[in-house]
Amino acid sequence: MKKLRIIMLLLSFSWIFLLSSCGSSGAPQPEESSSGGDTSKVVYDYEYDLYNKDVDEIIEQVETKVKGYKGYVKSSKNYDDEFTRIVYKVPSGDVELFTKFIESFDKITSKIMSTENVDSEYSSILSDIETLEVTKAAYNAILDEYGDELSADKQAALKQEIIEIDEQIAALNKQKSAIDEQVNYSTVTVDYYAQSYSTGSISIGSTLGIVILLSLPFGAVAGLIYLVTILSQRRKENKIEE
């Protein structure tokens, strides 16, 4: 009889969970928020290569702009004085304006934009959290209602199950928060090169100098062959005269 009551309690929780799931999935979902924006979970990433002699000044201007948008610098690293890579996190609602500001500087030689829709992953996490919460509630209800009737081992087993469920929920909430951060704050990576970028052709003088440098080894070999030939001919002429 006791086992039957526990089973019925678990079934009732399962039935409530199914009804709530069906109700939420069957209800029409708004495609746009009240502000008119798309509610899809999309992650935006931008990458730039920026060449300019006044890199330090530009970096200061960009940092000021980031703070103005309530963003922040995620990381900054200098690579052997060749270039500085700075990763910015900017509110996604302002990232378009921010990237236009970046593109206003000379010279942008590379721009890469990538997007990733994480709706499916996000929905899966929410569903898993809801399932675990319902299971946890069922276990707690069993302990509250029938705890005194259960053996110490069964009580300990249920409590351990609840602890493990809490750990799983915490891990899922951490994943959810990470996705929220990626969606709410777009990533903009800029590689700053402290030099001007030139796509012009090499001058005639420099080209001639390169040709001469490259030709030196071949010229030396040709001259040596010519000298050996002349000396050989002179030896033959001397022998004939003798």
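Since we're looking at a predicted model, the values are computed, not measured. (Residues numbered from 1 in each chain as written. Predicted model: local features only at pLDDT ≥ 70, side-chain atom pairs only at ≥ 80, totals over all residues. Heavy atoms only, no water.)

In terms of nonpolar packing, the biggest core is built from 20 residues, with V62, Y88, F98, I102, V188, V190 and Y192 touching the most fellow members. The biggest single contributor to this core is helix α2 (residues 55–68), with 5 residues. Residues within four places of I102 in sequence aside, it is in contact with Y48, L50, V62, I108, V190 and Y192. Listed in part, the 17 residues of the second largest apolar core include I125, L132, L143 and I169. (Core = buried A, V, L, I, M, F, W, Y, C linked by side-chain atoms within 4.5 Å. Buried < 20%, exposed > 50% of the residue type's maximum accessible area, 1.4 Å probe, protein only. Helix = DSSP H or I, 4+ residues; strand = E, 2+ residues; numbered from the N terminus. Contact = heavy atoms within 4.5 Å.)

The grouping of D54, D56, E57 and E60 at the surface amounts to a negative patch. For D54, the location among the structural elements is in the loop between β1 (42–51) and α2. (Patch = residues over 30% accessible without salt bridge, like charges linked within 9 Å, V, L, I, M, F, W, Y side chains within 5 Å. Areas by Shrake-Rupley, 256 points an atom, 1.4 Å probe, with all protein chains shown as cover. Salt bridge = Lys/Arg side-chain N within 4 Å of Asp/Glu carboxyl O. Lys, Arg positive; Asp, Glu negative; His and termini not counted. Charge placed at Lys NZ, Arg CZ, Asp CG, Glu CD.)

Sheet architecture is open: 5 strands sit in the order β2-β3-β5-β1-β4, paired in mixed fashion. Edge positions in the sheet fall to β2 (72–79) and β4 (108–117), since each of these pairs with one other strand and no more. The mean inter-strand angle of the sheet, taken between neighbouring strand axes irrespective of direction, is 15 degrees. Sheet topology note: the β1/strand β5 (residues 185–193) ladder contains 7 bridges and is parallel. Counterpart to L50 in the pairing with β5 is Y192. Each of β1, β2, β3 (83–91) and β5 touches α2; the most contacted strand, β5, lies at about 170 degrees to it. (Pairing = 2+ DSSP bridges. Axes fitted to C-alpha atoms, helices over the stretch in contact; angles between N-to-C directions.)

Okay, helix α5 (residues 152–184) next. Look at α5: 47 Å from first C-alpha to last across 33 residues, which is about the 48 Å you get at 1.5 Å a residue. Within α5, burial applies to L158, I162, I165, I169, L172, I179, D180 and V183. Taken together, the buried residues of α5 touch β1, α4 (119–146) and β5. (Expected span 1.5 Å × (residues − 1).)

Scanning the entire structure with this criterion turns up 7 aromatic pairs. Here the aromatic rings of Y51 and Y193 are separated by 4.3 Å at their centres, their planes lie at 5 degrees, and the arrangement is stacked. Taken together, the residues span a long stretch of sequence, with Y51 in strand β1 and Y193 in strand β5 at a distance of 142 residues. Residue class for Y193 comes out buried when judged on its relative accessible area of 15%. (Phe/Tyr/Trp six-rings, centres within 6.5 Å; stacked < 30°, edge-to-face > 60°.)

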